Number of protein chains: 2
Amino acid sequence: MTELRTLKVALLGCGNVGAQVARILIEDADALAARTGAHLQLNGIAVRNVNSKRDVELPQELFTTDAETLVKDADLVIELMGGIEPARTLILSALRNGACVVTGNKALLAQDGPTLYEEADKAGLQLSYEAAVAGAIPILRPIRDSLAGDRITRVLGIVNGTTNFILDQMDSTGAQFADALAEAQRLGYAEADPTADVEGHDAAAKAAILASLSFHTRFALENVHCEGITSVSAADIAAAKDAGFVIKLLAIAEKLTDADGGEGVSVRVHPTLLPREHPLAAVRGAFNAVFIEAENAGELMFYGQGAGGTPTASAVLGDLVSAARRLVLGGPGRTETTTGHVPALPIDSAVTSYYIGLDVADQPGVLARIAQLFAEHGVSIEIMRQTIHTDAASKVESAELRIVTHRASEAALAATVEAVKGLDVINSVTSVLRVEGV
Amino acid sequence: MTELRTLKVALLGCGNVGAQVARILIEDADALAARTGAHLQLNGIAVRNVNSKRDVELPQELFTTDAETLVKDADLVIELMGGIEPARTLILSALRNGACVVTGNKALLAQDGPTLYEEADKAGLQLSYEAAVAGAIPILRPIRDSLAGDRITRVLGIVNGTTNFILDQMDSTGAQFADALAEAQRLGYAEADPTADVEGHDAAAKAAILASLSFHTRFALENVHCEGITSVSAADIAAAKDAGFVIKLLAIAEKLTDADGGEGVSVRVHPTLLPREHPLAAVRGAFNAVFIEAENAGELMFYGQGAGGTPTASAVLGDLVSAARRLVLGGPGRTETTTGHVPALPIDSAVTSYYIGLDVADQPGVLARIAQLFAEHGVSIEIMRQTIHTDAASKVESAELRIVTHRASEAALAATVEAVKGLDVINSVTSVLRVEGV
């Protein structure tokens, strides 16, 4: 066998994922060398405190607090520190020094991706980030490469395991949000401060990345309309279940034609009703899945573990092997295509179906008045179902009305809901939720 | 905008998939140019008869019967003729002339892949074949690239839509194989001569390709143990259903340790019982899906349309864009890694669970004798269930015994079944089927 070249690897960060990446680099060194044609030599691991306790036993001499020096001498830099700084500066420094970069930093990519991509393009170096979206699931490479000859029309993703676990708990046990969250925290599926997950911020960063690759246009976090799951109630889940739906937090990116005939992409994260027979409805617990519709390929789904140190390390290593092969074979890195130039649409332009729950007076003609109001606002009703609750003496206590609409714009729906609230026969609007997959 | 380079494309074959590839190359020329940095100019389409009727209207002047000349002048050759010759000679000629090749020819790859791969390696050119396995589903690239830093331990695939449709029909309607096949033929899901599909040959070719990429070792068609679905009866399906299983034709490639402690890969295609809650069990009709287990990534599933002209064309175009980008950017093509060197195991070494149906005499002590016999052969029983059928006078007409075993080797199971047949209390062995996912 000929002498193998050595590629120096710098690892930045040694948390959950970083520790597993280090372990695999050491344990699987021979297999990785065989697959890349180079020894991937882990030169050091930059951490804040070299004496912190780690999940994995690693050689103490690898640890350093001097990330800058480590990066300067590396051929391959793996950034798993998270956060904006110093990750951003270190990645830019690595690219300027001629290193390929692998990162899982979705927050940084969603906030300042273009700066990083441009630096990588300028240097002809590979910047890859499969681990940033949906953990172990190969999703970015299939979108970027396998579907490069197709036109993606829509992406629906369950990309946050914490919220999927919570919603799944609520669905299967009838628990309220707060109790399901507490259970998720007890089992380690949710952090002590769950804001980034339950408010949808984590999913929104992933939605921006998915939309950018799918539509060949760079979308930033501010282009993503974001609603979390904190206001989803046990009653919402029960009503959805009763109507044959499950509620999922979806990251959605879809091509739409707005009222003026212009094409654009709506990128959004919100709780969404899905029919129980939809492939995404079966994605349970902390699993992730991404459902893609493309003009030629039709419907595709990618399913797997969306988080966890070892699964996510698999995605990091896949990118690393790919970058190492490129360095060994020579030739420039692959740059992203950004030739799509489709505008991001505001949430008002989004078009979807809606589920609306109303507490109404039980009077003759109420249904007709409500239906009339919907029609006046251009929102067409697909299903309308009324349930009357009576007391022991058969006296009506309340009347509940559930409406599922055909596809309508957010603007039209919002105007309809406003108008409905003004009707004297309406006691309250109990829920307004979007529906996909019908 | 700078002047774009032109890459000359030769298309060999204009069937179902080829016609759609030609259509997309013409209709989406601008988008493809934007994504590759080159005009992909369709120079010609080689066919047997230039006057045949096509599904898609294409410029008549593109058609030629002279494939050799077309290939000689091409930068990119798309081979969709199928069959061994002249496809093999034309692909080799293309690679020798410096063209990258995209093919969907699973039969050729499974039979003589190594010759083609070596020619591509020697020339430093890309030979890609995503369309050869599971139609539109991006599966080969994720295995080869995304999971390149992981160790795949097992692949289970529903990779033949015809047989999945037939088994699905039998499962949902109770139909016999012959009737379900006739229905599949009527609907265009099965060909007039369905042999390649129903005998498992098509799935076996795909199993060889999946195994080769997953285990970094070149497996040929003769390494694949192959059983089709022609002997699966309505009674088998009903019994499986009753026990909570569904029967699927699976392509399986898994790493096993044989009796002597040596590692090997078992590659096989056969009807298989899957628990109804397994993700693959929900794959209905003509859809395909591939389920992968990897050491770090855990469980992954890829789902989509496994056949059809337009979906498969999406996979061809993905490969074409990738090859074109490489030609534009420069640098050598990516070669397959074949450093795994794991031997293919014979079917006797395969280890799985089994479902066995027996028609037995209703006598005291029968269950104990059968259980004893299994134990003597080292096959452990997980579930044993007896159903007694009686006539109107409560006289026993028959006793049916259904056994699900724990994992055991094929050799041990075969010996057990032979021994069981010799028992005087056994009327017949009604079925022996393998079980996965338990």
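Cut-off values and rules
- Residues numbered from 1 in each chain as written.
- Chains lettered and ligands numbered in written order.
- Predicted model: local features only at pLDDT ≥ 70, side-chain atom pairs only at ≥ 80, totals over all residues.
- Helix = DSSP H or I, 4+ residues; strand = E, 2+ residues; numbered from the N terminus.
- Rg over C-alpha atoms; globule rule 2.2 N^0.38 Å.
- Contact = placed C-beta atoms within 7 Å.
- Pairing = 2+ DSSP bridges.
- Axes fitted to C-alpha atoms, helices over the stretch in contact; angles between N-to-C directions.
- Nonpolar A, V, L, I, M, F, W, Y, C, P; charged D, E, K, R; others polar.
- Parallel < 35°, antiparallel > 145°, perpendicular 65-115°, else oblique.
- Left-handed = near helix turned anticlockwise from the far one by under 90°.
- Buried ≥ 20, exposed ≤ 12 C-beta atoms within 10 Å, placed from the backbone.
- Right-handed = clockwise from strand over helix to strand, strands pointing away.
- Least-squares fit on C-alpha atoms with pLDDT ≥ 70 in both.
- Domains from an automatic or database assignment.

Trainee: Quick one: what's the story with the overall build of chain A, residue by residue and with numbers?
Mentor: The helix and strand tally for chain A stands at 14 helices and 17 strands. Relative to the globule expectation of 22 Å for 438 residues, the C-alpha radius of gyration of chain A, 25 Å, shows essentially globular dimensions. Along the first, second and third principal axes, the C-alpha atoms of chain A reach 85 × 50 × 35 Å. A fraction of 75% describes how many contacts in chain A between residues 6 or more apart in sequence connect residues 24 or more apart.

Trainee: Just give me the short version of the sheet that holds strand 6 (residues 127-128) of chain B, but keep the residues and values in it.
Mentor: Residue and element names in this part refer to chain B. In spatial order, the strands read 3-2-1-4-5-6; together these six strands make up an open sheet with parallel pairing. Looking at strand neighbours, the two that pair on one side only are strand 3 (63-64) and strand 6, the edges of this open sheet. Across four bridges, strand 1 (residues 5-12) lies against strand 4 (residues 76-79) in parallel orientation. Bridging from a neighbouring strand, Ala10 pairs with Val77 of strand 4. Sheet contacts for helix 1 (residues 16-27): strand 1, strand 2 (38-46) and strand 4; angle to strand 2, the most-contacted strand, approximately 145 degrees.

Trainee: Give a description of the interface of chain A and chain B that names residues and reports values.
Mentor: At the junction of the two partners, chain A supplies 46 residues and chain B supplies 46 residues. Among the elements of the structure, helix 2 (29-36), helix 6 (140-146), strand 12 (298-305) and helix 12 (309-329) of chain A are those that each provide at least two residues to the side of chain A that touches chain B. The element best represented in the side of chain A that touches chain B is helix 12 of chain A, accounting for eleven residues. Broken down by class, the residue content of the side of chain A that touches chain B amounts to 24 nonpolar, 14 polar and eight charged.

Trainee: Would you mind going over the packing of helix 7 (residues 161-173) of chain B against helix 8 (residues 177-186) of chain B in detail, with residue names and values included?
Mentor: Residues and elements named next belong to chain B. Between helix 7 and helix 8, whose axes approach to 9 Å, the crossing angle comes to 125 degrees. Compared by their axis directions, helix 7 and helix 8 come out oblique. Read as a crossing pair, helix 7 and helix 8 show a hand that is right-handed. Between helix 7 and helix 8, the contacting residues are Thr162, Phe165, Ile166, Gln169 and Met170 on the first element and Phe177, Ala180, Leu181, Glu183 and Ala184 on the second.

Trainee: Which residues make up the environment of Lys395 of chain A, and what values go with them?
Mentor: Within the secondary structure, Lys395 of chain A is located in the loop between strand 14 (381-390) and strand 15 (396-405). Taking the C-alpha atoms as reference points, Lys395 of chain A and Arg96 of chain A, 299 residues apart in sequence, are found 76 Å from one another.

Trainee: Please give an account of the pairing of strand 5 (residues 100-103) of chain B that cites residues and values.
Mentor: Residue and element names in this part refer to chain B. In strand 5, alternate side chains face the same way, and those of Cys100 and Val102 on one face and Val101 and Thr103 on the other are all buried. The sheet contact formed by strand 4 and strand 5 spans four bridges and is parallel. If you follow Ile78 over to strand 5, its bridge partner there is Val102. In the classification by handedness, the crossover that spans strand 4, the intervening helix 4 (residues 87-96) and the parallel strand 5 is right-handed. By the bridge criterion, two bridges tie strand 5 to strand 6 in an arrangement that is parallel. Considered in strand 6, the bridge of Val101 is made with Leu127. Handedness of the crossover is the feature at issue here: the chain leaves strand 5, passes through helix 5 (residues 106-123), returns alongside strand 6, and the resulting connection is right-handed.

Trainee: Mind laying out the pairing of strand 1 (residues 5-12) of chain A, listing which residues take part and the relevant values?
Mentor: Both strand 1 of chain A and strand 2 (residues 38-46) of chain A contribute to a ladder of eight bridges, which runs parallel. Pairing of Thr6 of chain A across the sheet is with His39 of chain A, part of strand 2 of chain A.

Trainee: Tell me what's going on with the relation of the copies chain A and chain B, and back it up with residues and numbers.
Mentor: Take chain A, turn it by 180 degrees, move it 0.0 Å along the axis, and it overlays chain B with an RMSD of 0.1 Å. Within this description, the copies of the chain are treated as partners about a two-fold rotation axis.

Trainee: Which residues make up the domain arrangement of chain A, and what values do they have?
Mentor: Residue and element names in this part refer to chain A. When cut into domains, chain A gives domain 1 (5-133 + 310-329), domain 2 (140-305) and domain 3 (350-435). Measuring from the centre of the C-alpha atoms in domain 1 to the corresponding centre in domain 2 gives 28 Å. If you look at the interface, domain 1 gives twelve residues, while domain 2 gives twelve residues. Top element by residues in the side of domain 1 that touches domain 2 is helix 5 (residues 106-123). It accounts for seven residues. Partitioning the side of domain 1 that touches domain 2 into residue classes produces eight nonpolar, two polar and two charged.

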